[in-house]
Each structure stands twice: as structure tokens, then as C-alpha cells.
Amino acid sequence: MSPKIATARRVDRSELIDFLRPRHRGMLATARTDGRPQLSPVTCGVDPDSRIVIATYPSRARIGNVRRDDRVSLCALSEDWSAAYVQIDGRAQVLDLPDALEPLVEYYRCIAGEHTDWDAYRAAMIRQGKCLIRIEIDRWGPIATGGFPPELSGETTGGDAPYALNPRRWTR
């Protein structure tokens, strides 16, 4: 059996947005007061203006962090753990109610489509006190998958390449 080979494909903004639209799982990184990262698993979408959007509650640590330092990173993940992912860096903005209400409707639409009762949805967002994080994408890495680095695949140097090329890192 051949080892799975890692991939890293650079894409333009349009390809990035196309990759992100169907993916709704992510890990959001914000900065704590001491500068260390705060990681939060989130459900995310892409709004009509190609910004990443995340619905949350104002009391969450990520909201305080974004209000203090708007620099964020997000690792957008595929449903399958071993499938493609991408890291995005950007600037985040927090929208509070009542300004967040219609953007929360767009958030729902980009993740789940049309709601059966938008008035009930809006009322629920108000009752729950929801807010929205909106991320303007500044830069992004390649769309990547995990696996062996191509140079260690064994395809060019023989089947024992992962062990032979770097004996300090690999053991049998």
C-alpha cells in the first residue's frame, strides 16, 4: 500500500471562496490578553461579500479577544478529518444586536439555506442575544491535505524512503 502523500495547492481568492462555501467547520484563533492563542471550534460560513461569518454569544472569550485585537486566523476544515483544509488570516469585526440581526439571517442562509419561519428565527436570535463575527480575509495559505511529504513518498528513491532519507527522525 502506498503512503498518502501530502498536498498543498496555492489558489486565488475566487478558488478559496469556492473551497470555503461548502465547509462549515473551523478552528478560530484569537489572541488572549497575554498574547497566547485562544482556539475555538466554530461553525462558519461565507457571506455574499465573501467574508467569513460566525454566530456566537457576546460572553464568549473569543468575542472579548476580537474586541481587543481584531487579528484572527481560522483553519477551515472539511467534514472528513483527513481531507483538505486551509488557514486564513484576517481582521474580525463583532456585530451586536440590533445591527447583527440581518447579518445573522445571511449567516443562516449561507450554512443551511432558507428557514421555514424567518420571524421565529429573528425572535430566537434576539432572545438568545446572539452576535456575529465577520472576518475580512487578508491572506491565506495553500489548500492542503496531510500525509507524507512528496520527497519521502518512496516513489523516486525506493519503497524504504521514509526510513532511509532521515534516519534520525524515523525508526523501525
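Refer to the structure printed above.
This one's a predicted model, so the numbers in the text were calculated from it and none came from an experiment.

## Points about the pattern of salt bridges
And then number 1: Summed over the entire model, instances satisfying the criterion amount to 13 salt bridges.
And then number 2: Connected through shared salt-bridge partners, Asp-47, Asp-49, Arg-51 and Glu-136 make up one network.

## Quick look at helix α2 (residues 61-68)
And then number 1: Every buried residue of α2 is listed here: Arg-62, Ile-63, Asn-65 and Val-66. Along the axis of α2, the buried positions cluster into a sector of 165°, meaning they face one direction only.
And then number 2: The inward-facing, buried residues of α2 abut β2 (25-31), β3 (37-43), β5 (52-56), β6 (71-77), β7 (85-95) and β8 (131-140).

## Re the state of the cysteines
And then number 1: The tally for this structure, following the rule as stated, stands at zero disulfides.
And then number 2: The closest cysteine sulfur to the non-disulfide-bonded Cys-75 is located on Cys-44, 9.8 Å from its own sulfur.

## Quick word on helix α4 (residues 118-128)
For an α-helix, 3.6 residues make a turn, and residues three or four places apart therefore share a direction.
And then number 1: Residues of α4 that are buried: Trp-118, Tyr-121, Ala-124 and Met-125. Projection of α4 onto a plane perpendicular to its axis shows the buried side chains occupying an angular sector of 120°, all on one side. Summarising the geometry of α4, the exposed residues directed more than 90 degrees from the buried face are Asp-119, Ile-126 and Arg-127.
And then number 2: Packed against the buried residues of α4 are α3 (101-112).
And then number 3: For α4, the N-terminal capping position is held by Asp-117, with its side-chain oxygen 3.2 Å away from the main-chain nitrogen of Asp-119.
And then number 4: Where α4 ends, the next residue or the one after it, Gly-129, has phi of about 70°, a positive value.

## Let's talk about unusual backbone geometry
And then number 1: Residue Pro-98 is bonded to the preceding Leu-97 through a cis peptide linkage, with omega at 10°.
And then number 2: Secondary-structure assignment places Pro-98 in the loop between β7 and α3.

## With respect to empty space enclosed by the protein
And then number 1: Per the stated rule, a full pass over the model turns up one cavity of 30 Å³ or more.
And then number 2: If you go around the largest cavity, the residues you meet are Leu-20, Arg-23, Cys-44, Gly-45, Val-46, Ile-52, Leu-74 and Ala-76.
And then number 3: In the lining of the largest cavity, the residues fall into six nonpolar, one polar and one charged.

## Side note on the packing of aromatic side chains
And then number 1: By the definition in use, this model includes three aromatic pairs.
And then number 2: The structure contains a cluster of three or more aromatic residues connected by ring pairs, namely Tyr-108, Trp-118 and Tyr-121.
And then number 3: Here Arg-23 stacks its cationic end above the ring of Phe-19, 3.7 Å away from the centre of that ring.
And then number 4: The ring of Tyr-57 has Lys-130 lying over it, and the distance from NZ or CZ to the ring centre is 4.5 Å.

So, how was this worked out
- Residues numbered from 1 in each chain as written.
- Predicted model: local features only at pLDDT ≥ 70, side-chain atom pairs only at ≥ 80, totals over all residues.
- Heavy atoms only, no water.
- Salt bridge = Lys/Arg side-chain N within 4 Å of Asp/Glu carboxyl O.
- Buried < 20%, exposed > 50% of the residue type's maximum accessible area, 1.4 Å probe, protein only.
- Helix = DSSP H or I, 4+ residues; strand = E, 2+ residues; numbered from the N terminus.
- Arc of directions from axis to C-beta.
- Contact = heavy atoms within 4.5 Å.
- Disulfide = S-S within 2.5 Å.
- Polar contact = N/O pair within 3.5 Å; in protein donor to acceptor, adjacent residues only side chain to side chain.
- 1 Å grid on protein atoms, 1.4 Å probe; cavity = no way out; pocket = protein on both sides within 12 Å on 5 of 7 lines; lining within 4 Å.
- Points joined across faces, edges and corners; volume = space filled by probe spheres on them.
- Nonpolar A, V, L, I, M, F, W, Y, C, P; charged D, E, K, R; others polar.
- Phe/Tyr/Trp six-rings, centres within 6.5 Å; stacked < 30°, edge-to-face > 60°.
- Lys NZ or Arg CZ within 6 Å of the ring centre and 35° of its normal.

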